[in-house]
Amino acid sequence: MLFVILGNQEEKTHQLREKFFQQNGGLMLQQQLSQLDSSTETAKIFTKEEVKKATNNFSEREIVGRGGFGIVYKGILSQNKIVAIKKSSVVDQSQVDQFVNEVIVVSQINHRNVVKLLGCCLETEVPLLVYEFITNGTLYHHLHEVGHVSSIPWEIRLRIAKETAGALAYLHSAASIPIIHRDVKSTNILLDDNFTAKVSDFGSSRLVPLDKTQLTTMVQGTFGYLDPKYFHTSHLSEKSDTYSFGVVLVELITGIKALSFDKPEEERNLATYFLSSMKENRLSLILDDRIVNEGNTDEMLEVANIAQSCLRLKGDERPTMREVSMQLERLTRVEKHLWTTVDVNPDETEFLLSGSLNSQSTTTGCDSLKDKDVIPLEVDHGRLASCSNMSGAMTGVPIYQGPSGALKWDTI
């Protein structure tokens with residue numbers, strides 16, 4: 001009798017896994033994977049047993065991140081490979097086709113500054129995503145949660161900016177299908193032990209059909225980083241990522257959070273505060289003291305000009321991420337040149353520093369807020385309380401373990 005009961009339970013378990021596998025798009029994913037070139041690295045479909053073993057049966061002790069949209073487990077696969085396993089708290093069955101397509105495309109991204117998606121498990125009620133595990137926390141953590149002694153020096157901040165811009169430029173223009181990240185922010189820029197940047201969290205990303213330059217979608221993102229044009233029109237383009245990256249650049253040079261509700265109203269939104277400071281020639285007052293003392297104010301001003309161009313209200317006036325990447329690459333080359341060469345040719349340096357992104361004027365960002373067609377993004381605190389994280393079901397879950405072993409989710 002006991003064997004019959006156990007047999008029935010195993011059969012029910014098997015049927016349930018098969019049900020979840022099918023409703024999560026497992027058959028579709030298998031079919032599309034089989035059509036890819038065998039030499040192409042693609043996502044692996046993990047079984048529930050593999051994931052259970054990796055996480056000690058989803059042990060509470062293996063949880064390294066938790067929030068309103070899901071849980072992140074630290075897992076150890078065969079051959080002692082450490083991974084981050086993300087479990088969403090909700091799943092949208094209407095988005096299964098999109099989910100499958102994105103798993104295939106994102107898993108094939110092979111860029112040193114993008115967190116690698118290794119695969120997924122579809123035998124659970126909601127899909128589980130398996131990523132490489134990044135050890136040194138987020139950019140947000142190092143900029144805003146660590147004391148002055150552990151502050152990231154300017155040279156590394158500039159490199160992080162360059163690497164992040166390069167990764168976004170790759171996603172926009174070099175991936176097999178262009179990808180708009182849609183939630184670029186300092187909590188989604190992870191750092192390894194060498195402070196190499198790794199762009200993470202593609203849960204709200206969107207693939208862009210090759211015949212389109214923008215999409216109309218439900219607005220998703222994070223207040224403080226959200227493109228005002230996209231917020232008001234629902235028209236998403238790669239320039240929406242450019243705006244969000246501009247906010248990250250301002251974080252890097254000021255050390256100020258994207259949103260700070262404990263500050264006077266005019267200082268709460270970093271982008272607005274930064275643009276008004278540029279317009280009134282007060283940038284020096286908001287630069288991060290921790291890096292100003294390093295004596296690189298000329299480079300910081302260059303980065304500020306790039307950030308200002310990224311934050312233009314009209315998307316078509318913003319640079320592409322490829323253009324931004326090239327400008328930051330040029331700056332890092334100059335930085336390296338200055339560190340490694342004793343006798344620097346002033347004419348060469350002037351040439352390299354010329355031709356920076358044309359920001360039209362230092363007032364463009366602020367004056368464009370008066371555009372009659374677009375209402376400036378003012379944070380509605382009541383609305384923010386009801387939707388403090390506008391990210392999709394798989395967003396807002398950093399894939400890292402901080403020094404304390406705990407993770408911070410969206411902290412705005």
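A few points on the structure. Small disclaimer: the values here were computed from a predicted structure and weren't measured.

How each quantity is defined
- Residues numbered from 1 in each chain as written.
- Predicted model: local features only at pLDDT ≥ 70, side-chain atom pairs only at ≥ 80, totals over all residues.
- Heavy atoms only, no water.
- Helix = DSSP H or I, 4+ residues; strand = E, 2+ residues; numbered from the N terminus.
- Buried < 20%, exposed > 50% of the residue type's maximum accessible area, 1.4 Å probe, protein only.
- Contact = heavy atoms within 4.5 Å.
- Areas by Shrake-Rupley, 256 points an atom, 1.4 Å probe, with all protein chains shown as cover.
- Core = buried A, V, L, I, M, F, W, Y, C linked by side-chain atoms within 4.5 Å.
- Polar contact = N/O pair within 3.5 Å; in protein donor to acceptor, adjacent residues only side chain to side chain.
- Pairing = 2+ DSSP bridges.
- Salt bridge = Lys/Arg side-chain N within 4 Å of Asp/Glu carboxyl O.
- Phe/Tyr/Trp six-rings, centres within 6.5 Å; stacked < 30°, edge-to-face > 60°.
- Lys NZ or Arg CZ within 6 Å of the ring centre and 35° of its normal.

1. Here we look at the overall build of the chain
No. 1: The number of helices and strands found in the chain is 17 helices and 12 strands.
No. 2: Burial statistics for the chain: of 412 residues in total, 53% are counted as buried.
No. 3: Partitioning the contacts of the chain with sequence separation of at least 6, the portion at a separation of at least 24 is 70%.
No. 4: Carbon and sulfur atoms make up 50% of the accessible area of the chain, which amounts to about 19500 Å² in all.

2. Remarks on the nonpolar core
No. 1: Core analysis: the largest hydrophobic core is formed by 72 residues, its most contacted members being Phe245, Leu249, Phe274 and Leu328.
No. 2: For this core, the element with the most residues is helix H6 (residues 154-173), which contributes nine residues.
No. 3: With 14 residues, the next largest nonpolar core counts Val51, Ala54, Phe58 and Val83 among its residues.

3. Here we look at unusual backbone geometry
No. 1: One non-glycine residue, Asn56, adopts positive backbone phi at about 55°.
No. 2: The partly exposed category is assigned to Asn56, whose relative accessible area is 49%.
No. 3: Even without a glycine there, the phi angle at Asn80 is positive, about 60°.
No. 4: The exposure class assigned to Asn80 is exposed, which follows from its relative accessible area of 64%.

4. With respect to the side chain of Thr254
No. 1: You can see Thr254 is positioned in helix H8 (residues 238-254).
No. 2: Thr254 gets classed as buried once you look at its relative accessible area, which sits at 5%.
No. 3: Among the polar contacts listed, one links the side chain of Thr254 to the backbone oxygen of Val250, at a separation of 2.7 Å.
No. 4: Those residues in contact with Thr254, other than ones at most four positions away along the chain, are Leu270, Ile286, Leu287 and Asp288.

5. Here we look at the pairing of strand E3 (residues 70-76)
No. 1: With five of seven residues buried, E3 is to be regarded as a mostly interior element.
No. 2: Two strands pair when backbone bridges link them, and E3 and strand E4 (residues 82-88) are joined in this way by seven bridges, in the antiparallel orientation. In the sheet register, Ile71 faces E4, and the bridge partner there is Lys87.
No. 3: In textbook terms, the turn of a hairpin is the stretch between consecutive antiparallel strands, and for E3 and E4 this stretch comprises five residues, one of which, Gln79, has a positive phi near 60°.

6. Overview of the pattern of salt bridges
No. 1: Within this structure, the stated rule accounts for 11 salt bridges.
No. 2: Its salt-bridge partner being Glu329, residue Lys162 comes within 4.0 Å of it at the nearest N-O pair. Taken as a pair, Lys162 in helix H6 and Glu329 in helix H14 (residues 321-340) lie far apart in primary sequence, 167 residues in all.
No. 3: Residue Lys162 is classed as partly exposed on the basis of its relative accessible area, which comes to 22%.
No. 4: In this structure Glu329 comes out as partly exposed when scored by relative accessible area, which is 31%.
No. 5: A salt bridge links Arg330 to Glu302; the shortest N-O distance between them is 3.4 Å. Note that Arg330 is positioned in helix H14 and Glu302 in helix H13 (residues 297-310), a separation of 28 residues in sequence.
No. 6: Assessed through its relative accessible area of 8%, Arg330 is described here as buried.

7. Quick notes on the packing of aromatic side chains
No. 1: For the coordinates displayed, the defined rule picks out one aromatic pair.
No. 2: With centroids separated by 5.5 Å and ring planes inclined at 70°, the aromatic side chains of Phe58 and Tyr73 adopt a geometry described as edge-to-face. Of this pair, Phe58 sits in the loop between helix H3 (48-54) and strand E2 (63-67) while Tyr73 sits in strand E3; the two residues are 15 residues apart in sequence, bridging distant segments of the chain.
No. 3: Overall, Tyr73 belongs to the buried group, its relative accessible area being 6%.
No. 4: Here Lys74 stacks its cationic end above the ring of Phe133, 5.4 Å away from the centre of that ring.
No. 5: Of note, Lys87 hangs over the ring of Phe58, and the distance from its end group to the ring centre comes to 5.9 Å.

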